[in-house]
Amino acid sequence: MKETENNKTIEEKAERKNFFNARNIIIIILTTLATGALMYVTFKFILDMDWSKFFHNVGQGITLQLGALWLTLLILFMIISIAYNYTHIWIRLRRLGIHVPAWQYFIFSLSISFLKGVTPANFVYDPYTIFWLKTQGVSTSRATSIMFSNALLWQAMELIIHVPSFIIVMIKADLLIALGAEGITLIVLMSLGLLIDIIGCLFMLLLCFSRRAHFVLSSIFNWFKKKLHMKYHTKAEIEEKYKKRATIKNEVIEYYKNWKDTLIIVLILVAYELIVYFSLNSALALLNVNGEFKFNPCDVFNSANMAFNANRINFIPAFSVGLEWALWRMLESLGGIQQTGVTPAKDFINQGIVLWRSFYTYFPTLIGLFGFMGLTIFHVVSYKKRKGSFIESKYE
């Protein structure tokens, strides 16, 4: 009887450790459905898309040599955005002497593209990355330290790129104020977004280098679980985990001491961020092969940058109504777009947003869905065959 209970406990622990458990799959299904609803609201009520005009303009653009060039750049950008999902992981694993087949990196990148598109913030994306690293033979502490070290660099680079754009936009704040309540709302959201960047950077510093921070966070989290009559860890158990966090701190320091790898990751992060925001110019140029509109590439870059920053406070999926709305209003007031033809500027802006987001978010998420579905089926079948056992790291 006791042996049966122990086996049941082991299986329950394995189920919780397995990312592809029933709870996570249900959450992902629900957020995917919510994403579909958000897309409908965005296209129907926010951007008021006329799809026949959109496809006509895109088709007209790509028939010209210059338009084909812009389309090629957008496709290249989409490939870069998918490949970016694994490059920093590949650099860290290579240094550890862990070699992963290229096709596994490819499927992992597709899955990350999907999860980033349909789940709030990084609440599912980060646990999945740690789970995937463990299946490649990486210990839990080392997988966590890889995530923390890269996340800190990401937060720092985002802050560095956002601050100059924020200053430039604030200099032109009168253009936003002219929009009325919506403009003031954008200013408030951008300010909150920058504050979140700063807090996020400080928070990651604490997670990387302070064991006490882990102890305090665990204590608070378990206090809430206790009040809700959920299973929680005792103070002694938390203190034991707190001691283990020294390993994560040492590993993070070890990563940063390897300055060549760190510098490469920083350059990749900066290049990716710049490509993301500047690529909006490619989408607008593709729709503007006839030269009906004039726009300043730097103003478009700052508008895209700050639209993302204004959406920081919004933790719903990347297919968010807030981002498209912020981008539309930012381009309309600060994008420097001047109309010289008969096409309404609003139609041009909205079509440019949809085209750009198609290559940045919509297509990668849709393609990533198939990769993630394949992985889900593979892991669920493997889990059932092992009767609840879990692939533990050989370095655990």
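See the structure above.
Draft legend 1. A look at the overall build of the chain. A count of helices and strands for the chain gives 15 helices and two strands. A burial count over the chain gives 46% of its 396 residues as buried. For the chain, contacts bridging at least 24 residues in sequence account for 81% of all contacts bridging at least 6. As displayed, the chain has an accessible area near 20,200 Å², and 68% of this comes from carbon and sulfur atoms.

Draft legend 2. Local environment of the packing of helix α7 (residues 140–171) against helix α13 (residues 297–310). Put simply, α7 and α13 touch, their axes get as near as 9 Å, and they point 110° apart. By the angle between their directions, the pair α7 and α13 is classed as roughly perpendicular. Counting all contacts with α7, which are made through I161, H162, S165, F166, I168 and V169, the residues of α13 involved are F301, N302, N305, M306 and N309. In terms of residue class, the contact of α7 with α13 is built from six nonpolar, five polar and no charged.

Draft legend 3. View of the packing of aromatic side chains. The final tally for this structure, using the stated rule, is 23 aromatic pairs. Plain terms: the ring middles of F209 and Y256 are 6.3 Å apart, the flat faces sit at 45° to each other, and that makes the pair tilted. Here F209, found in helix α9 (residues 181–209), pairs with Y256, found in helix α11 (residues 235–257); they are 47 residues apart in sequence, far enough to count as distant. The positively charged end of R94 is found above the aromatic ring belonging to W90, 5.3 Å away from the centroid. Between R329 and the ring centre of W328, over which it is positioned, the NZ or CZ distance is 4.8 Å.

Draft legend 4. Quick peek at the nonpolar core. In this structure, M190, M330, L355 and W356 are the most contacted members of the largest nonpolar core, which totals 61 residues. The element best represented in this core is helix α12 (residues 259–287), accounting for 11 residues. When neighbours within four sequence positions are excluded, M190 is seen to be in contact with F166, V169, M170, L176, M306, N309, A310 and M330. Within the second largest apolar cluster, 22 residues are counted, among which are Y105, V118, I146 and F372.

Draft legend 5. Representation of helix α5 (residues 102–118). The first and last C-alpha atoms of α5 sit 25 Å apart over 17 residues, in line with the 24 Å expected at 1.5 Å per residue. Among all positions in α5, only Y105, F108, S109, L110, S111, I112, S113, F114, L115, G117 and V118 are buried.

Analysis parameters
Residues numbered from 1 in each chain as written. Predicted model: local features only at pLDDT ≥ 70, side-chain atom pairs only at ≥ 80, totals over all residues. Heavy atoms only, no water. Helix = DSSP H or I, 4+ residues; strand = E, 2+ residues; numbered from the N terminus. Buried < 20%, exposed > 50% of the residue type's maximum accessible area, 1.4 Å probe, protein only. Contact = heavy atoms within 4.5 Å. Areas by Shrake-Rupley, 256 points an atom, 1.4 Å probe, with all protein chains shown as cover. Axes fitted to C-alpha atoms, helices over the stretch in contact; angles between N-to-C directions. Parallel < 35°, antiparallel > 145°, perpendicular 65-115°, else oblique. Nonpolar A, V, L, I, M, F, W, Y, C, P; charged D, E, K, R; others polar. Phe/Tyr/Trp six-rings, centres within 6.5 Å; stacked < 30°, edge-to-face > 60°. Lys NZ or Arg CZ within 6 Å of the ring centre and 35° of its normal. Core = buried A, V, L, I, M, F, W, Y, C linked by side-chain atoms within 4.5 Å. Expected span 1.5 Å × (residues − 1).

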